[in-house]
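# Observations on chain architecture
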Amino acid sequence: MATLHKRGYETDEVRRDTDHESFLAHAKFRWLKVAVVLSLVVIVSYFLIDVEPRHNGGSWYGYTLGTIGVLLILWLSLLGIRKRKMTEKYFSLKAWTSAHVYLGLALIVIGTWHTGFQLGWNVHTLAWALMMLVIVSGIYGISVYAALPRALSNNRQEMTREQMIEALGALDRQLETAAQPLDRDLTDKVIDALEQDVFKAGFIARLTGKYPRCATRRALKAFDGTGGDEHADKVRSLLARRQAQLEQIRRHMRYKALLEVWLFIHIPATILLIAALAAHVISVFYYW
């Protein structure tokens, strides 16, 4: 019985280790090794195989690399569909994602060597350029997913988004009461700050975290030089806390935007790439 418990414990440990393993390091970097070997084979064969008059996408060697590249692109583009099906072991979602990343990077070599470095203003180069755009946006996505979740967690300080908003609401209620004894000009500044929709911001503002029209910052500035007044000091203190709470919420919005923005390029560019590839292949066979 003790042996069975021990085996069960060891199995659970292995499973936990597997769960915590990054998709980049999946199966001891299996797909990285496959991608490196594949890229080296392409590069070495390019110099060993003599193509007359020179390497290009229309040679037998170019057709071979082009076929491999198209099949890889079509398979890699199925990741979104694969995410809707949960399986384990060899083709788990983690394995598929790892292959998606490393074989996607190998396409830089396969696609570029397929062209024979013969690029121009045509549909063939358009397909290559879109492929590079998809790869670069994917690299950006991997970078932000590696760095931002920790920053997002640190910024939240164990608070949920709803708790951050509730804390802001509590400060607003205190400000509304504390500002009543103030003169009209200062009260209007506070009202402007309270009425401004903190979530109504443009795409650039969310992405950069810069809010030049922040009414709370303007209100806080209006209280410069009002030191010594008990009511003004209390409102200034509450405004400073509101400003700090806003900055936390806006950092949260910025990190979320940075995590998601690459998908607005990666997915549409993938769709355009498949369309350009279809045009590229059809034109090749049409003029064969």
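Residues numbered from 1 in each chain as written. Predicted model: local features only at pLDDT ≥ 70, side-chain atom pairs only at ≥ 80, totals over all residues. Heavy atoms only, no water.

### Re the packing of aromatic side chains
As a reminder, the rule being used: In this analysis, rings of Phe, Tyr and Trp, with Trp reduced to its six-membered ring, are considered paired at centre separations within 6.5 Å, and the interplanar angle assigns stacked below 30 degrees, edge-to-face beyond 60, and tilted for intermediate values. Helix and strand assignments come from DSSP, with helices taken as H or I runs of at least 4 residues and strands as E runs of at least 2, each series counted from the N terminus. Sitting over a ring, as applied to charges here, requires NZ of Lys or CZ of Arg to be within 6 Å of the ring centre and within 35 degrees of the ring normal.
Considering all chains together, one arrives at 8 aromatic pairs under this definition. Between Y145 and W262, the ring centres sit 6.3 Å apart and the planes meet at 85 degrees, which makes this aromatic pair edge-to-face. Taken together, the residues Y145 in helix α6 (residues 123–156) and W262 in the loop between α11 (230–261) and α12 (263–286) connect sequence positions 117 residues apart. By way of ring pairs, the aromatic residues Y46, F47, W60, Y61, W113 and F117 are connected into one cluster. It is R250 that lies over the ring of Y211; its NZ or CZ is 4.1 Å from the centre.

### Overview of the environment of L246
The following threshold applies: To sort residues, take the accessible area from a 1.4 Å probe on protein chains only and compare it with the maximum for the residue type: under 20% means buried, over 50% means exposed, and anything in between is partly exposed. Residue contacts are counted whenever heavy atoms from the two residues lie within 4.5 Å of one another.
With respect to the secondary-structure elements, L246 resides in helix α11. Residue L246 is classed as buried on the basis of its relative accessible area of 1%. Once the C-alpha coordinates of L246 and M164 are considered, the two residues, 82 residues apart in sequence, prove to be 8.9 Å apart. Other than its neighbours up to four places away in sequence, L246 contacts L168, V198, C214 and T216.

### Regarding the packing of helix α5 (residues 93–115) against α6
The cut-off we apply is this: Only the stretch in contact is used when fitting a helix axis, every axis being a line fitted to C-alpha atoms; angles between N-to-C directions are given from 0 to 180 degrees. By the definition adopted for this analysis, an angle is roughly parallel if under 35 degrees, roughly antiparallel if over 145, roughly perpendicular if from 65 to 115, and oblique otherwise. By definition, any crossing whose near helix is turned counterclockwise from its far helix by less than a right angle is left-handed, and any crossing with a clockwise turn is right-handed. Residues are grouped as follows: Ala, Val, Leu, Ile, Met, Phe, Trp, Tyr, Cys and Pro are nonpolar; Asp, Glu, Lys and Arg are charged; all remaining types, including Gly, are polar.
Where α5 meets α6, the closest approach of the two axes is 10 Å, and the angle between their N-to-C directions is 155 degrees. Considered as vectors, α5 and α6 are oriented roughly antiparallel to each other. When the axes of α5 and α6 are compared, the crossing they make is left-handed. Across the interface between the two elements, V101, G104, L105, L107, I108, G111, T112 and T115 of α5 pack against W128, M131, M132, I135, I139 and I142 of α6. Each residue belonging to the contact of α5 with α6 can be placed in one class, and the counts come to 10 nonpolar, 4 polar and no charged.

### Overview of a nonpolar patch on the surface
Quick reminder of the rule: Residues enter patches when their relative accessible area tops 30% and they take part in no salt bridge; the joining distance is 9 Å for like charges and 5 Å for the nonpolar side chains Val, Leu, Ile, Met, Phe, Trp and Tyr. Throughout, the Shrake-Rupley method with a 1.4 Å probe supplies accessible areas, and for residues the shown protein chains are the sole cover considered. Any carboxyl oxygen of Asp or Glu within 4 Å of a side-chain nitrogen of Lys or Arg constitutes a salt bridge here.
On the surface, F29, L32, V36 and L40 cluster together into a nonpolar patch covering about 320 Å² of accessible area. On the secondary structure map, V36 appears in helix α2 (residues 26–48). On the basis of relative accessible area, V36 is assigned to the partly exposed category, the value being 41%.

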